[in-house]
Amino acid sequence: MHAQIVLFDGFDPLDVIAPYEVLVAGSDYAGGDLDVVLVSAEGPRPVVSGSRGLTLQATAQLDPAKPGFVIVPGASGPLEGDPDEGAETIPVLLARFGETEAVPLMRQAMQNPDITVATVCGGSLALAMAGLIDGRHANTHHLGVDVLEATGAVPVHARVVDDGDLVTAGGVTSGLDLALHLLDRSYGPRIPLAVEQMFAYERRGTVWTDTGREPKAV
């Protein structure tokens, strides 16, 4: 099984590294079953993050035919600024994702029944702004929930939102919880528990699924 973490110009480093480390550790505990790679739509290349030029190397091109997970991070940068004056704000970076070759590849991935697409923080906004998750339950950073709704998704205020083949998480550190949940879905509770113990970290928040009784107004 494969876990492809998608790099794009302006990505948030922690959105990438947190799930990367969790999934690599989970793969080790699972006997190397999960192949975790950093990819880009363009193929192998250095990709510059939005955090002071920190650069990570994509070692392969995103392949929508490989079964497993495709994980999209959010962006890092200023929240405010004039795009006409060249401000590389987070909304600008996320919207620019929709102008890249990542969109047709992500559309193929989302049509592949053997792939679960997952996002951290603004990654869901990048997909929503590209028209890829209309009508789907999702979460993002709390500052972007209004935009998520305006672009056609159905916001759910939970740390991790499991909508079947789309799993999304809230703010930056929720990438840890997202990755632990993906390990739990694939391998059961023992593997993620071993990772939690190794990292001295316990999962936070509720994993929301579209099941169970609706709460009554109180």
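Residues numbered from 1 in each chain as written. Predicted model: local features only at pLDDT ≥ 70, side-chain atom pairs only at ≥ 80, totals over all residues. Heavy atoms only, no water.

The chain goes by DJ-1/PfpI family protein in an unreviewed UniProt entry, where it is assigned to [Mycobacterium] manitobense.

> Honestly, the pairing of strand S2 (residues 35-40) in this entry has me stumped. Any pointers?
Within a regular beta strand, the side chains point alternately toward one face of the sheet and then the other, so they alternate between its two faces. The buried fraction of S2 is high, at 5 of 6 residues. Here 5 bridges tie strand S1 (residues 2-6) to S2, and the two strands are oriented parallel to one another. Of the residues in S2, the one forming a bridge with glutamine 4 is valine 37. The handedness of the S1 to S2 crossover, carried by helix H1 (residues 13-29), is right-handed. Here 2 bridges tie S2 to strand S5 (residues 60-61), and the two strands are oriented parallel to one another. Bridging from a neighbouring strand, serine 40 pairs with glutamine 61 of S5. (Buried < 20%, exposed > 50% of the residue type's maximum accessible area, 1.4 Å probe, protein only. Helix = DSSP H or I, 4+ residues; strand = E, 2+ residues; numbered from the N terminus. Pairing = 2+ DSSP bridges. Right-handed = clockwise from strand over helix to strand, strands pointing away.)

> Would you explain the UniProt feature "domain: DJ-1/PfpI" (unreviewed entry) in the chain in this entry?
Under the UniProt annotation, "domain: DJ-1/PfpI" (unreviewed entry) lies at residues 101-184. Within the segment residues 101-184, helix and strand shares are 40% and 19% respectively, and the terminal C-alpha atoms sit 31 Å apart. (UniProt positions renumbered as here; feature names shortened; annotations may be inferred.)

> Even after reading the chapter, I still don't get the pattern of salt bridges, so can you show me in this structure?
Where charged atoms from two side chains of opposite charge approach closely, those side chains can pair. Taken as a whole, this structure holds 9 salt bridges when the rule is applied. Two residues, arginine 45 and glutamate 42, come together in a salt bridge whose shortest N-O distance is 3.0 Å. Two residues, aspartate 177 and arginine 159, come together in a salt bridge whose shortest N-O distance is 2.6 Å. Of the two residues, aspartate 177 is situated in helix H6 (residues 174-187) and arginine 159 in the loop between strand S9 (154-155) and strand S10 (160-162); the sequence distance between them amounts to 18 residues. (Salt bridge = Lys/Arg side-chain N within 4 Å of Asp/Glu carboxyl O.)

> For this particular structure, what's the right way to read the packing of H1 against helix H7 (residues 190-199)?
Angle between the axes and distance between the axes are the two parameters that describe a pair of packed helices. Contact pair H1 / H7: the axes reach a minimum separation of 9 Å and the direction vectors enclose 120 degrees. Put simply, H1 runs oblique to H7. As for the relative orientation of H1 and H7, their crossing is right-handed in sense. The segment H1 lies against H7, with Glu21, Val22, Ala25, Gly26 and Tyr29 engaging Ile191, Ala194, Val195, Met198 and Phe199. (Axes fitted to C-alpha atoms, helices over the stretch in contact; angles between N-to-C directions. Parallel < 35°, antiparallel > 145°, perpendicular 65-115°, else oblique. Left-handed = near helix turned anticlockwise from the far one by under 90°. Contact = heavy atoms within 4.5 Å.)

> Mind showing me how you'd approach helix H2 (residues 90-97) here?
Note: α-helices contain 3.6 residues per turn, so residues at a spacing of three or four share the same orientation. Listed as buried for H2 are Ile90, Val92, Leu93, Leu94 and Phe97. The elements touched by buried residues of H2 are strand S6 (68-72), helix H3 (102-111) and helix H4 (123-129).

> Please explain a nonpolar patch on the surface as it appears in this structure.
On the surface, a cluster of nonpolar side chains totalling about 300 Å² of accessible area is made up of Tyr29, Met198 and Phe199. Inspection of the secondary structure assignment puts phenylalanine 199 in helix H7. (Patch = residues over 30% accessible without salt bridge, like charges linked within 9 Å, V, L, I, M, F, W, Y side chains within 5 Å. Areas by Shrake-Rupley, 256 points an atom, 1.4 Å probe, with all protein chains shown as cover.)

> Sorry, what's going on with the environment of threonine 59 here?
If you trace the backbone, threonine 59 turns up in the loop between strand S4 (55-58) and S5. Here the alpha-carbon distance between threonine 59 and glycine 43, two residues 16 residues apart in the chain, equals 7.1 Å. With residues up to four places along the chain from it excluded, the contact list for threonine 59 reads Val37, Leu38 and Pro44.

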